[in-house]
Amino acid sequence: MVQVVMYATAICPYCNMAEALLRRKGVQVRKIRVDIDPEERVIMQERSNGRRTVPQIFIGDFHVGGYDDLAALDRSGQLNSLLNLA
């Protein structure tokens, strides 16, 4: 299974929803808290082409985007392929 990285903050409801969706699929999420480490926020912005909002989700090297993007991939059936669950 590929590595899933999610940049998040402690008080972000969309981060919690994204993490819950991924955990329902049996995926371990490496959560990076950008509210604790400002340097990680800079890295997140560089990796996501300047996006500043959380969550920013990466499956392997693929930038999913935020929760809405993740949920859309799940609805379309593409998320399982990205996670190598298919």
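Whatever comes next refers back to the structure up there.
The shown structure was predicted, so the numbers you read here are calculated from the model rather than taken from an experiment.

**Details of the pattern of salt bridges**
In a structure, side chains of opposite charge can pair up when their charged atoms sit close to one another. In this structure the tally under the stated criterion is five salt bridges. Of the charged contacts in the structure, one is a salt bridge between Asp35 and Arg33, with a shortest N-O distance of 2.9 Å. For Asp35, a relative accessible area of 39% puts it in the partly exposed group. Overall, Arg33 belongs to the partly exposed group, its relative accessible area being 30%. Among the ionic contacts, a cluster of salt bridges with common partners joins Glu19, Arg23 and Lys31.

**Structural notes on unusual backbone geometry**
Note the cis peptide between Val54 and Pro55, where omega equals 0°. Among the secondary structure elements, Pro55 is positioned in the loop between helix H2 (38-47) and strand S3 (56-59).

**Let's talk about the packing of aromatic side chains**
Under the defined criterion, the tally for this structure stands at two aromatic pairs. Both rings, one in Tyr7 and one in Phe58, keep their centres 6.0 Å apart while their planes meet at 80°; by these two values the pair is edge-to-face. Of this pair, Tyr7 sits in strand S1 (residues 4-8) while Phe58 sits in strand S3, placing them 51 residues apart in sequence. According to the relative accessible area criterion, Tyr7 is buried, its value standing at 2%.

How each quantity is defined
Residues numbered from 1 in each chain as written. Predicted model: local features only at pLDDT ≥ 70, side-chain atom pairs only at ≥ 80, totals over all residues. Heavy atoms only, no water. Salt bridge = Lys/Arg side-chain N within 4 Å of Asp/Glu carboxyl O. Buried < 20%, exposed > 50% of the residue type's maximum accessible area, 1.4 Å probe, protein only. Helix = DSSP H or I, 4+ residues; strand = E, 2+ residues; numbered from the N terminus. Phe/Tyr/Trp six-rings, centres within 6.5 Å; stacked < 30°, edge-to-face > 60°.

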